[in-house]
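Each chain, letter by letter, is given below.
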Amino acid sequence: MGGCFSDVRGGQQAVGGGAQRSAQAMRDAGGGTGHNDAVDFFFHTKGLSALFTQIELSLSASKLRDRDIISKSDPMAVVYLKKRDGTLEELGRTEVIMNNLDPAWIEKINAAYQFEIVQPLIFHVYDVDTKHHNLSVKMLKLKDQEFLGEATCVMSQIVTKQSRSLTLNLHSKNGNSSLKNLGTLTVHAEETIASRNAVEMTFRCSHLENKDVFSKSDPFLRISRIVESGGPVPICKTEVVNNNLNPIWRPLCLTMQQFVSKDNPLVIECFDFNSNGNHVLIGKVQKSVADLEKLHKDKIGAKFILPARRGHEKVLKSQLFVDGFVEKKLYSFLDYISSGFELNFMVAVDFTASNGNPRNQDSLHYIDPSGRLNAYQQAIMEVGEVIQFYDSDRRFPAWGFGGRTYDSSVSHCFNLNGNASGFEVEGVEGIMAAYASALHNVALAGPTLFGQVINKAAEIAGHSLTYNSSKYFVLLIITDGVLNDLQETKDALVRASDLPLSILIVGVGGADFKQMEILDADNGHRLESSTGRLASRDIVQFVPMREVHGGQISIVQALLEELPGQFLTYMRSRGFKPHADNVAQISAQERPYGV
C-alpha cells in the first residue's frame, strides 16, 4: 500500500489502513515486534522461550482533541510494553486514519501475554502531519508528530475483563488528566487462533444510491466482527472504486483469526469515500461467512439496509453480491521448513576503500592484534549465529566485492576464500577465516557495486528451480552503506524478485544508509527498474548494526523480521505447498498461520 494513511485521496486503494493485504501477504510479515514463528522457533530451540499466550489488541478512541486548523486530526496509536528495567519496547503501530476524532483502527497489535509477570502497557496517540502521508507507519519519526494523549494499564487488566475490553482516559505525558479532556482509548484483546483457515471473497454491489452531487459515489466496504461484548470490531476494508454505483472490488482475504467462525456475525458497511474523512454510509448488511458462502452458491444478492429515525430501518434496492468464494489454507513459515523446505544462505562482504585503510585503527576492517573484533567480524559472528541456525547444510557461498584481487584487477564478485574453483566455506568459522585471509591478499578499492553479487546469487537461485523447488536462498550483504550503482542494483533486484531469493543487507559503521533504506522499499513503493518494470515483491531487508548495538533492536528480530513474509509470498504465489507427508504431522498440533 502506498503509505500509512488509511483515508487519503492519493492512496484510496489503501483506505483500509495496514490491515487489508493481498491474500498471499495476509498475516505473513511478522512485522515490528509482533508474533514471528521464525524468531520464536530460534529462541525455543535454545531453551529461551517463556510460557505465553499470543493475543491481538484492537484499538479505538473517542473524542480526541482536534489539532488541525482546516480539518480534523489524523490519529495513529503506538503501543509500548514497559520492561523491568524501565525501558519501553514498541509492540506496534496502527494505521493513520484521516480526519477523524473517533477512530476505530483496523491494524491489530500483537502481544505475548505472560500471566506470571506484570506487563505494563503504554499507549500514545499522535496526530500525524499530512506531509508524511507517503511513509509507512514504521518509518514515521514520532517526534515530528503532534502528541494527542497517553494512557496506561497492565495487560492483565484487559484480558481478565469479561468483555476483554478496557476504556482508558487519555492524559498528557506528565500524567495530569485533570487539565483538559483529551478523550478516551478503548483496548480490546483476543487470543490468537491457531488455524491456517482463510477465505478469499470477491464482492460486488449493484444499484448503489448516489451520495455525490456532481459525480457518482466512490464506494468502499468496511467489514467488522461482532464481539461478545456486543460491539463491532473492524477487521478489514476494501479499496475505493471511484465514480461507480456498481463496483467490483479486488478479492479480499479473511483469516479465521479475523472472522473466528463461519457462523460469527459480520457487519458489512458500504460507504461513499470523502477525502475529508466524513464518509457517507450508503447501506449495511449483517451476514456470517456461512451466509456469504450461500449467497455465492445461490448466485443471489443481499439487500442493504439504512438505519432510519426512531430505530426503523429502510430496505434499499442496493444489493451486495459475492462473485468469488474460495476457502484456503495459509500455511506458516514453519510448516514449510518443518516439511523439508530448505533455506540456503550466501554471504558477500564489502571490500571498498570507503571502509578505511585496514592498517588504521579507525578502519572498519582493522584487525586488532588483541583479538577485539572489528565491525565486519562482529556482524559476521552475530548474524552468522542466526543464519547458520536456519541453513540446512551450513555451507555458505561467500564472496567479496569492490576489492583489488590476486591478479591486481578490481572485482565486484570474487571468491572470499581465494579459491578459483569453489566459493563455498564451512560455517561461520569458515566465513571468519576466509575474511581474515582476504584482508591480507585483497586491496580495498571500489566503486561499491552490488549488481554483480546480486546477479550471481540470482543465477544460483534460478538454476535451483530446474532440479529442486524446495530451496529458498538468502543473500547476506555486509556493507558500509556507500553505493555507486543504485539503478543497476534496482534493476538486479527487480529481476531477482521472481526468484526464490531474499536479500539481507547489514549496514556496519556510521555512514548515511539512505540508499539502503530505498532498496528496502519499506515506504510502500515497490522498486522500479530502468525500463519501468516493478518488482513482483519486496525481497530486501536492511539491518543497521549500530541500532542493534545501541539496544534498539535485537539482531534475531531484525534479521528475521521480513524473511518469513518474503518466503511465504514467493511460495504462495507459485502455488508451492508444504510437503504432504509431513504436513499431516504438523496439523496434529496446529500452529498459528501468521508469522
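See the structure printed just above.
All of the points below concern the structure found in this document. This one's a predicted model, so the numbers in the text were calculated from it and none came from an experiment. (Residues numbered from 1 in each chain as written. Predicted model: local features only at pLDDT ≥ 70, side-chain atom pairs only at ≥ 80, totals over all residues. Heavy atoms only, no water.)

What about the sheet that holds strand 3 (residues 88–93)?
Two pairing modes exist for strands in a sheet, parallel and antiparallel, and in both the strands are linked by backbone hydrogen bonds.
Part 1 of the reasoning: Pairing is antiparallel across the open sheet formed by 4 strands, whose spatial order is 3-2-5-6. Among the strands making up the open sheet, the edge pair consists of strand 3 and strand 6 (146–154). Looking at each pair of strands side by side, their axes are set apart by 25° on average, direction ignored. (Pairing = 2+ DSSP bridges. Helix = DSSP H or I, 4+ residues; strand = E, 2+ residues; numbered from the N terminus. Axes fitted to C-alpha atoms, helices over the stretch in contact; angles between N-to-C directions.)

Things to note about unusual backbone geometry
Part 1 of the reasoning: Cis rather than trans, the peptide bond between glycine 446 and proline 447 has omega equal to 0°.
Part 2 of the reasoning: With respect to the helices and strands, the residue proline 447 is situated in the loop between strand 23 (443–444) and helix 8 (451–464).
Part 3 of the reasoning: Even without being a glycine, arginine 394 presents a positive backbone phi close to 55°.
Part 4 of the reasoning: Position of arginine 394 among the secondary structure elements: in the loop between helix 6 (375–390) and strand 18 (395–401).
Part 5 of the reasoning: In this structure arginine 394 comes out as partly exposed when scored by relative accessible area, which is 39%. (Buried < 20%, exposed > 50% of the residue type's maximum accessible area, 1.4 Å probe, protein only.)

Digging into helix 7 (residues 427–441)
A turn of α-helix holds 3.6 residues, and therefore any two residues three or four places apart point the same way.
Part 1 of the reasoning: Spanning 15 residues, helix 7 covers 21 Å between terminal C-alpha atoms, matching the ideal 21 Å at 1.5 Å per step.
Part 2 of the reasoning: Its buried side turned inward, helix 7 meets strand 17 (342–350), helix 6, strand 18 and strand 22 (424–426). (Expected span 1.5 Å × (residues − 1). Contact = heavy atoms within 4.5 Å.)

Notes on the packing of helix 6 against helix 7
Part 1 of the reasoning: Packing of helix 6 against helix 7 leaves a shortest axis separation of 9 Å and a crossing angle of 155°. Viewed along their axes, helix 6 and helix 7 adopt a mutual orientation that is roughly antiparallel. Our pair here, helix 6 against helix 7, has a crossing hand that is right-handed. For the pair helix 6 and helix 7, contact is made by Tyr376, Gln377, Ile380, Met381, Gly384, Glu385 and Gln388 and by Gly427, Val428, Glu429, Ile431, Met432 and Tyr435, respectively.
Part 2 of the reasoning: A per-class count over the contact of helix 6 with helix 7 returns 7 nonpolar, 4 polar and 2 charged. (Parallel < 35°, antiparallel > 145°, perpendicular 65-115°, else oblique. Left-handed = near helix turned anticlockwise from the far one by under 90°. Nonpolar A, V, L, I, M, F, W, Y, C, P; charged D, E, K, R; others polar.)

Details of the side chain of aspartate 391
Part 1 of the reasoning: Mapping aspartate 391 onto the fold places it in the loop between helix 6 and strand 18.
Part 2 of the reasoning: Buried charge aspartate 391 goes without a salt bridge, the closest partner of opposite sign being arginine 394 at 6.7 Å.
Part 3 of the reasoning: There is a polar contact of 2.8 Å between the side chain of aspartate 391 and the backbone nitrogen of arginine 394.
Part 4 of the reasoning: Filtering out sequence-adjacent residues up to four positions away, aspartate 391 remains in contact with Leu343, Asn344, Phe345 and Phe396. (Lys, Arg positive; Asp, Glu negative; His and termini not counted. Salt bridge = Lys/Arg side-chain N within 4 Å of Asp/Glu carboxyl O. Polar contact = N/O pair within 3.5 Å; in protein donor to acceptor, adjacent residues only side chain to side chain.)

Points about the sheet that holds strand 8 (residues 184–191)
Part 1 of the reasoning: Strand order in the open sheet formed by 4 strands is 4-1-8-7, with antiparallel pairing between adjacent strands. In the strand order of this sheet, the two ends are held by strand 4 (109–113) and strand 7 (165–169), each with one partner. Averaged over all adjacent pairs, the angle separating strand axes in this sheet is 30°, with direction ignored.
Part 2 of the reasoning: Bridge count between strand 1 (residues 53–62) and strand 8: 8 bridges; the pairing is antiparallel. Bridging from a neighbouring strand, serine 58 pairs with histidine 188 of strand 8.

Notes on the pairing of strand 25 (residues 501–507)
Part 1 of the reasoning: Of all 7 residues in strand 25, 7 are buried; the element is thus mostly enclosed.
Part 2 of the reasoning: The alternating pattern of strand 25 places Leu501, Ile503, Ile505 and Gly507 and Ser502, Leu504 and Val506 on opposite faces, both of which are buried.
Part 3 of the reasoning: Looking at chain direction, strand 24 (residues 471–479) and strand 25 are connected through 7 bridges and run parallel. Bridge assignment links leucine 476 to a residue of strand 25, and that residue is leucine 504.

Here's the deal with the pattern of salt bridges
Part 1 of the reasoning: Counted according to the given criterion, the structure contains 15 salt bridges.
Part 2 of the reasoning: Put simply, lysine 328 and glutamate 200 hold a salt bridge, and the shortest N to O gap is 3.3 Å. Of this pair, lysine 328 sits in strand 16 (residues 313–329) while glutamate 200 sits in strand 9 (residues 197–206), and the two are 128 residues apart along the sequence.
Part 3 of the reasoning: Relative accessible area serves as the criterion here: at 19%, glutamate 200 is assigned to the buried category.
Part 4 of the reasoning: Here glutamate 293 makes a salt bridge to lysine 262, at a shortest N to O gap of 2.9 Å.

Notes on the packing of aromatic side chains
Part 1 of the reasoning: Applying the stated criterion to the full structure yields 14 aromatic pairs.
Part 2 of the reasoning: Plain terms: the ring middles of phenylalanine 220 and phenylalanine 271 are 5.6 Å apart, the flat faces sit at 25° to each other, and that makes the pair stacked. On the criterion of sequence distance, the pair formed by phenylalanine 220 in strand 10 (residues 219–226) and phenylalanine 271 in strand 13 (residues 266–272) is long-range, its members being 51 residues apart.
Part 3 of the reasoning: Arranged with centres 6.3 Å apart and planes meeting at 55°, the rings of tyrosine 570 and phenylalanine 576 form a pair that is tilted. (Phe/Tyr/Trp six-rings, centres within 6.5 Å; stacked < 30°, edge-to-face > 60°.)

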